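The chain contents come next:
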Amino acid sequence: MKPAKILLILISIIPFTACKKFLDITPDNVATIDYAFRLRSTAERYLFTCYNYLPALGAFESNVANTAGDEFWLPVNNTSQGWRIARGGQNKSNSFMNYWQGNNGGKDLYEGIRECNVFLDNVGKVPDLPEYERNRWIAEAKFLKAYYHYYVFRMYGPIALIKVNVPVNAGAEEVYPVRSPVDECVNYIAALLDEAIPDLPEQIDNEVNELGRVTKAVALCVKAELLVTAASPLFNGNADYTGFKDPEGNTLFNPVADPQKWVRARDAAKAALDFCESKGHKLYTFNPAFFQYKISDTIRVQMNIRNAVCEKWNSEIIWGATNSLAGSIQNQATPRGLDPARTSNNQTIGNIAPPLKIAEMFYSKNGVPLREDKEYDYAGRFKLRSVTAPYKRYLQEGYVTASLNFDREPRYYADLGFDGGIWYGQGIFDDAANMFFVSSKKGQPASAQNEASYSVTGYWAKKLVNFNNIIDATAYNVQRYPWPMIRLASIYLLYAEAENEVNGPNANVMKYINLVRERAGLLSVETSWTNYARNPGKFASKEGMREILRTERLIELAFEGQRFWDLRRWKESVTELNKPITGWDLVQDDAASYYREKVIFNQAFTTRDYLWPIPESELLSNKRMNQNPGW
């Protein structure tokens, strides 16, 4: 941390970001801690300032998990900070998405932690604040303090734990913090969450103007995420960091894997899902009875999948980010020219593009990976086929497209837009009518209109687009929704993953993965692999089930900012992020030429990239801090 920032706290002046909120309540425009906590209303505003440091994950460019990985690719002239990381530009002198100091696309989460500490130190001064409300506010601040530590931990590994703000008479050892070992970081964050959980509200009524504030369910789920992350290979027995110590000789990584970490993670995930279910959370399913249009089962299943993300405050959403509504990201995920009568509408930007490898990741209609399906012609996936009537709710009848787009699982059609693919909604809700479809070869409505508003791969993230959005002549009327920070399907899959690591494949593992698959219109793991896979017994071993669970998670949570972190904790980034980014040959106007795989970028990822570099300026000011390996 920068000493100047610490001193700002020491002299009891509210940091500038908070100061702006309190200038109207103090004499002579001098904002002090005492005035901030003199009234309930101003103290509550200070608590909301603590919330303000939550990363804005619903804005595409602000979510490092969207921009810095391999799930999306962008036009070459895009300047997103995270995308510079994706292209190998991360550095230690002026690092991108810097959440340690708060620049180049990142928020200063250590400042957020210090704000939480100020609040905790002073909330006891607020007069006439009911004890139950004071306890709730304290719990919220502790949760936020824990979450900010957790967010930085995932990026930088062993971090400095700011348990209290430094007093004005502190010595150099207190002013300049050291990094704590991984296990100490995890235990401290988990302890903060445990302290917060009892005093958090069990749930918030949708009619109360508090949606987005932290609940007990949110804290339990974040604890489960934290402990599963800590039990995973990146942080549990990672031999790559053997001998990694701080300047004072303290070992920062334990190179020996501890299987008990999976037990702890399993128990936390089970506690989270049990509590969430007890409060009425369940996997979302679309109910046609409350919809004025009659739709087919094909579209209904796709609505199960799309609306689990896009329908705000549905039964599956455990934590929705009200500080970051999904608005402009929908413009970026919608193809320009989706409505061919309104190709001049430049509000549908359509520039966040899933690569071809992401499209291939989704299962076949039989619920197994394409390469494993003994009925699927993987070698012929790029051959051309004409769409016949049985496929008309997936693909435009009569259209010629790649075989890759046929006979896929429902999530493929719910999550992805592509040349020849039906795009349900956007003003046409009768699925017996002529629905919108994407046509993106050169010269067609969804092809490149300029250097910025097009998909560089030929795929779009339909999953992120609310089906009620309407494309007008010049406007795009977007139904915004809180970004789904945590939904129940993620917790089901975290529990199944941890249980498999502890006890191998069993009834509990199968129960929760199959609940997710059933909602997605798939057969169970056992049925799909037994009947259709080249290795029908794969699910019977811990190793085989581990691979199945990981693939299921990548598919179910595609485009939600989870793949980036999951690949890291599994130590799979060094494999996946060294595969080329490819798409279709967009400059071609005929199907035979368009459907050729074209390399767009050769991505590169090394072991050092698992952890962000500590900003060089931090190391220059704090000699007790050292750099992450490889940087």
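Reading the values: the criteria
Residues numbered from 1 in each chain as written. Predicted model: local features only at pLDDT ≥ 70, side-chain atom pairs only at ≥ 80, totals over all residues. Heavy atoms only, no water. Helix = DSSP H or I, 4+ residues; strand = E, 2+ residues; numbered from the N terminus. Rg over C-alpha atoms; globule rule 2.2 N^0.38 Å. Buried < 20%, exposed > 50% of the residue type's maximum accessible area, 1.4 Å probe, protein only. Contact = heavy atoms within 4.5 Å. Areas by Shrake-Rupley, 256 points an atom, 1.4 Å probe, with all protein chains shown as cover. Lys, Arg positive; Asp, Glu negative; His and termini not counted. Charge placed at Lys NZ, Arg CZ, Asp CG, Glu CD. pLDDT = per-residue confidence, 0-100. Pairing = 2+ DSSP bridges. Salt bridge = Lys/Arg side-chain N within 4 Å of Asp/Glu carboxyl O. 1 Å grid on protein atoms, 1.4 Å probe; cavity = no way out; pocket = protein on both sides within 12 Å on 5 of 7 lines; lining within 4 Å. Points joined across faces, edges and corners; volume = space filled by probe spheres on them. Nonpolar A, V, L, I, M, F, W, Y, C, P; charged D, E, K, R; others polar. Expected span 1.5 Å × (residues − 1). Bend = angle between axes of the 7 residues up to and from the residue. Axes fitted to C-alpha atoms, helices over the stretch in contact; angles between N-to-C directions. Parallel < 35°, antiparallel > 145°, perpendicular 65-115°, else oblique. Left-handed = near helix turned anticlockwise from the far one by under 90°. Polar contact = N/O pair within 3.5 Å; in protein donor to acceptor, adjacent residues only side chain to side chain.

Draft legend 1. Molecular detail of the overall build of the protein. What the protein contains, in helices and strands, is 24 helices and twelve strands. For 631 residues, the compact-globule formula gives about 25 Å, and the C-alpha radius of gyration of the protein, at 25 Å, lands near that figure. Considering the protein as a whole, with its 631 residues, one finds that 60% of them fall into the buried category. Here the contacts in the protein between residues at least 6 apart in sequence split such that 69% fall between residues at least 24 apart. Within the structure as shown, the protein displays about 23,200 Å² of accessible surface, and the carbon and sulfur contribution to it stands at 49%. Taken as two groups, the 72 positive and 72 negative side-chain charges of the protein have centres that lie 2 Å from each other.

Draft legend 2. Seen up close, the confidence of the model for the protein. Counting all residues, the mean pLDDT for the protein is 93, and 94% of those residues have values of 70 or more. Counting contacts from residues 1-30, a segment whose pLDDT is below 50, to residues more than four positions away or on other chains yields 64 contacts.

Draft legend 3. How the structure looks around the side chain of N514. By secondary structure assignment, the location of N514 is in helix α18 (residues 507-519). On the basis of relative accessibility, which here comes to 15%, the residue N514 falls in the buried class. In this view, N514 contacts S524, V525 and E526; residues no more than four positions away in its chain are not counted.

Draft legend 4. Structural view of the pairing of strand β10 (residues 481-487). Of all seven residues in β10, seven are buried; the element is thus mostly enclosed. Note: strand β1 (residues 317-326) against β10, six bridges, orientation antiparallel. Considered in β10, the bridge of G320 is made with P484.

Draft legend 5. Up close: the pattern of salt bridges. Taken as a whole and judged by the stated rule, the model has 50 salt bridges. A salt bridge links R300 to D297; the shortest N-O distance between them is 3.6 Å. One end of the pair, R300, and the other, D297, are both in helix α13 (residues 297-310), three residues apart, so they sit about a helical turn from each other. Where K463 meets E560, a salt bridge forms, and the shortest distance between an N and an O atom there is 2.7 Å. Of this pair, K463 sits in the loop between β7 (459-461) and β8 (470-471) while E560 is found in the loop between α20 (542-556) and α21 (563-569), placing the two residues 97 residues apart along the sequence. For K463, a relative accessible area of 1% corresponds to the buried category.

Draft legend 6. Spotlight on the layout of surface pockets. Quantified by volume, the largest pocket comes out at close to 830 Å³. If you trace the largest pocket, you find 29 residues lining it, with K357, M361, T551, E576 and K579 closest to the centre. Looking at the lining of the largest pocket, the elements that each hand over two or more residues are α15 (356-361), α20 and α21. Top contributing element to the lining of the largest pocket by residue count: α20, with seven residues. For the lining of the largest pocket, the class distribution of residues is twelve nonpolar, two polar and 15 charged.

Draft legend 7. Quick peek at α13. In this model α13 runs 19 Å from its N-terminal to its C-terminal C-alpha over 14 residues, within 8% of the 20 Å that 1.5 Å per residue would give. N304 marks where α13 bends most, by close to 25°. With respect to burial, α13 is a largely interior element, eleven of its 14 residues being buried. Along α13, the positions that sit buried rather than exposed are I299, V301, Q302, M303, N304, I305, R306, N307, A308, V309 and C310.

Draft legend 8. The packing of helix α8 (residues 131-156) against helix α10 (residues 182-196), seen in detail. Contact geometry for α8 and α10: axes closest at 8 Å, N-to-C directions at 155°. When the axis of α8 is compared with that of α10, the two are roughly antiparallel. When you trace α8 past α10, the crossing you get is left-handed. For the pair α8 and α10, contact is made by A139, K142, F143, K145, A146, H149, Y150 and F153 and by V182, C185, V186, Y188, I189, L192, L193, E195 and A196, respectively. The residue makeup of the contact of α8 with α10, split by class, is 13 nonpolar, one polar and three charged.

Draft legend 9. Representation of the side chain of R179. Here R179 is to be found in the loop between α9 (172-175) and α10. Within the buried set, R179 has no salt-bridge partner at all; the shortest N-O distance to an opposite charge, 7.9 Å, is to D246. Here the side chain of R179 touches N626 through a polar contact of 3.0 Å, landing on its backbone oxygen. In contact with R179, other than residues within four places in its own chain, are Y156, P158, I159, A160, F244, D246, L252, I614, M625, N626, Q627 and N628.

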